[in-house]
Amino acid sequence: MQNVTVDEIEFTPEGIDTRLGFLEDKMIFEVDLSHVHFHNTADVNAFYDRCEERVDATGEPLWFFMINYQGCRIDPHAWIAFSRRGKTLNKAHSMGSVRYDASPETRAQIERAAGTDAFDPNLFATRDAAIARIAELPSQRREKIIHEPNYTRADFEPRIEFLLQDRIMLVDFSDFTFHHARDVDDFYDYIEELIKKTDRKWYFLVNYNNCRIEPAAWVEYARRGKRLNIAASLGSVRYAAGSETEAEIRLRAESQDFRPNIRNTREEALARIAEMKVEG
C-alpha cells in the first residue's frame, strides 16, 4: 500500500486496491484510510463494495481488521453510510478491529459510535501498537464457526410462487429473518434450484414486509442477490421494505449500478413491473 495525500484516491476498484492489503501470517486485513476524503455515500459504498470483494477473493472469511485513520475525512452526510457499511463488514468477516492514528475529529466520531453501538473502538497512536494489540486477540479461525440452519425447505416452499402468464416470480420475505450467511445460502440455493428447472428468466417481485437482515447476513445476502439477478432476472421490484432493510438496499444500489425499485405496496410494485415490460 502507498500513502497519498487528501483526495488522490480514485474510488474505482484499482484505486481502492492501493489502500487494501493482507498480512496473512498475522491474519490481518489492512485498510489504509489515511488522508482519504469520503465526500458522499457513493464514495463510501464504492470503498466497502471493494473491501467485500477482496475479502471474498481470499477464500478466508475471518480476519483481524487494522485501519489507518490518519487524516481521514468523512463528511457529515456520509457518516451514516460509513458506519452502517463498516458494521456490516465487521459482523461478516472481522475477528476484531483495531484503529490507529485517528485525527481528533474522527477519533471523537468513532468514540461516539462506539458508545452507541457497544463496541470497543481499539484506538492506538501507531501501526506497531495496533499490530501488537491484534497479537493479543484470540483467533476464531480454528473454530471454523459453522452456523446451524434455522430453517428447512418446508419453510421456503410457501414463499416462492411463479406467475407463468406474467413471467413474475414472487418472493415472500415477509416476517422472515436472515440471521447469518447460512440462512441466506439455504434460501438462495432453493430459489436458484427452482429457477433452473424453469429454464427462463423472470421479473422478481419481492415482499420485504417486516423482513430483517441481520448485519452478519448482509454481505452474503448482497452477494447472492447480485448473482441471482445477473443470472435470472428481467428486473426486480421490492415492496414494503422496513426502514433498516430499505436503507441498506438503497446504499448498495447506489454503488452497484441497479435501481432499488422499492414501492410501498404490492399493487404499486406490480405497476412498476408493468412499466418495466413496456420499457423493454
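Our structure is the block above this text.
Here the structure is a predicted model, which means the values were calculated and not measured.

Analysis parameters
- Residues numbered from 1 in each chain as written.
- Predicted model: local features only at pLDDT ≥ 70, side-chain atom pairs only at ≥ 80, totals over all residues.
- Heavy atoms only, no water.
- Helix = DSSP H or I, 4+ residues; strand = E, 2+ residues; numbered from the N terminus.
- Buried < 20%, exposed > 50% of the residue type's maximum accessible area, 1.4 Å probe, protein only.
- Pairing = 2+ DSSP bridges.
- Contact = heavy atoms within 4.5 Å.
- Axes fitted to C-alpha atoms, helices over the stretch in contact; angles between N-to-C directions.
- Core = buried A, V, L, I, M, F, W, Y, C linked by side-chain atoms within 4.5 Å.
- Phe/Tyr/Trp six-rings, centres within 6.5 Å; stacked < 30°, edge-to-face > 60°.
- Lys NZ or Arg CZ within 6 Å of the ring centre and 35° of its normal.
- Salt bridge = Lys/Arg side-chain N within 4 Å of Asp/Glu carboxyl O.
- Parallel < 35°, antiparallel > 145°, perpendicular 65-115°, else oblique.
- Nonpolar A, V, L, I, M, F, W, Y, C, P; charged D, E, K, R; others polar.

Peer 1: Any chance you could explain unusual backbone geometry here in plain terms?
Peer 2: Peptide bonds are trans in most cases, and residues, glycine excluded, mostly fall at negative phi. Unlike most non-glycine residues, Met27 shows phi in positive territory, near 60°. Along the chain, Met27 falls in the loop between β1 (20-23) and β2 (28-32). On the accessibility criterion, Met27 (22% relative accessible area) is partly exposed. Phi is positive for His35, which is not a glycine, with a value near 60°. Assignment of secondary structure puts His35 in the loop between β2 and β3 (37-38).

Peer 1: Sorry, what's going on with the sheet that holds strand β13 (residues 233-239) here?
Peer 2: Strands belonging to one sheet form pairs held by backbone hydrogen bonds; the direction of such a pair is parallel or antiparallel. Across the sheet, five strands lie side by side as β8-β9-β11-β13-β14; this open sheet has mixed pairing. Sheet topology places β8 (160-163) and β14 (262-263) at the edges, where each strand pairs with a single neighbour. Direction of pairing for strand β11 (residues 202-207) relative to β13: parallel, over a ladder of six bridges. Looking at the pairing, Trp202 lines up with Ser233 of β13. Relative to β13, helix α8 (residues 215-232) is tilted by about 135°, and along the sheet it contacts β11 and β13.

Peer 1: I would appreciate a short explanation of the side chain of Thr88 in the present structure.
Peer 2: Checked against the element boundaries, Thr88 lands in helix α3 (residues 79-93). Residue contacts for Thr88: discarding those within four places in its chain leaves Pro215, Trp218, Val219, Glu248 and Arg252.

Peer 1: I keep staring at the nonpolar core and nothing clicks. Help me out?
Peer 2: Across soluble globular proteins, nonpolar side chains have a tendency to be buried as a group. Within the largest apolar cluster, 29 residues are counted, with the highest numbers of intra-cluster contacts made by Phe173, Phe178, Tyr208 and Tyr221. Among the secondary structure elements, those contributing two or more residues to this core are β9 (168-172), α7 (181-198), β11 and α8. Among the elements that make up this core, the one with the highest residue count is α7 (seven residues). Ignoring any residue separated from it by four or fewer positions in sequence, one finds Tyr208 in contact with Phe173, Ile213, Tyr221, Arg238, Tyr239, Ala240, Ala241, Gly242, Thr245 and Ile249. Counting residues in each nonpolar core, the second largest holds 28 residues, with Phe29, Trp63, Tyr69 and Leu251 among its members.

Peer 1: Quick question: what am I supposed to make of the packing of aromatic side chains here?
Peer 2: Throughout the structure, instances matching the rule amount to 26 aromatic pairs. A centroid spacing of 4.7 Å and a plane angle of 15° characterise the contact between Phe22 and Phe29, whose relative ring orientation is stacked. By relative accessible area, which is 0% here, Phe29 ends up buried. Relative to Tyr221, the ring of Tyr188 has its centre 5.7 Å away and its plane inclined at 85°; by these criteria the two rings are edge-to-face. Of this pair, Tyr188 sits in helix α7 while Tyr221 sits in helix α8; the two residues are 33 residues apart in sequence, bridging distant segments of the chain. Of the residues examined, Tyr221 reaches a relative accessible area of 5% and is grouped as buried. Positioned above the aromatic ring of Trp63, the side-chain terminus of Arg141 is 4.4 Å from the ring centre. The ring of Trp202 has Arg200 lying over it, and the distance from NZ or CZ to the ring centre is 4.7 Å.

Peer 1: How should the pattern of salt bridges be read in this particular structure?
Peer 2: Note that side chains of opposite charge can pair when their charged atoms are close. Scanning the model with the defined rule gives 23 salt bridges in all. A salt bridge links Asp25 to Lys26; the nearest nitrogen and oxygen atoms lie 3.5 Å apart. The closest approach of N and O atoms between Arg212 and Glu214, which form a salt bridge, is 3.3 Å. Judged by its relative accessible area of 46%, Arg212 falls in the partly exposed class. Three or more residues are tied together by salt bridges with common partners; here these are Asp185, Asp189, Glu192, Arg224 and Arg227.

Peer 1: Is there a simple way to explain the pairing of β1 in this structure?
Peer 2: As judged from the four bridges shared by β1 and β2, these two strands associate in the antiparallel manner. Pairing of Leu20 across the sheet is with Val31, part of β2. The antiparallel pairing of β1 with β2 creates a hairpin that spans four residues between the two strands, and Met27 there sits at a positive phi of about 60°.

Peer 1: Explain the sheet that holds strand β7 (residues 123-124) to me, please; I cannot follow it from the model alone.
Peer 2: Spatially, the five strands line up as an open sheet ordered β1-β2-β4-β6-β7, and their pairing is mixed. Lying at the two open borders of the sheet, with one neighbouring strand each, are β1 and β7. Sheet topology places strand β6 (residues 94-100) next to β7; two bridges connect them, and they run parallel. Bridge assignment links Tyr100 to a residue of β7, and that residue is Phe124. Sheet contacts for helix α5 (residues 127-136): β1, β2, β4 (63-68), β6 and β7; angle to β4, the most-contacted strand, approximately 160°.

Peer 1: Sorry if this is basic, but what is going on with the packing of helix α2 (residues 41-58) against α3 here?
Peer 2: Relative to each other, α2 and α3 sit at 10°, their axes nearing to 9 Å. Comparing the axis directions of α2 and α3 gives the class roughly parallel. Packed against α2, whose contacting residues are Thr41, Val44, Asn45, Tyr48, Asp49, Cys51, Glu52 and Val55, the element α3 presents Ala81, Phe82, Arg85, Gly86, Leu89 and His93 at the interface. For the contact of α2 with α3, a count of residues per class yields seven nonpolar, four polar and three charged.

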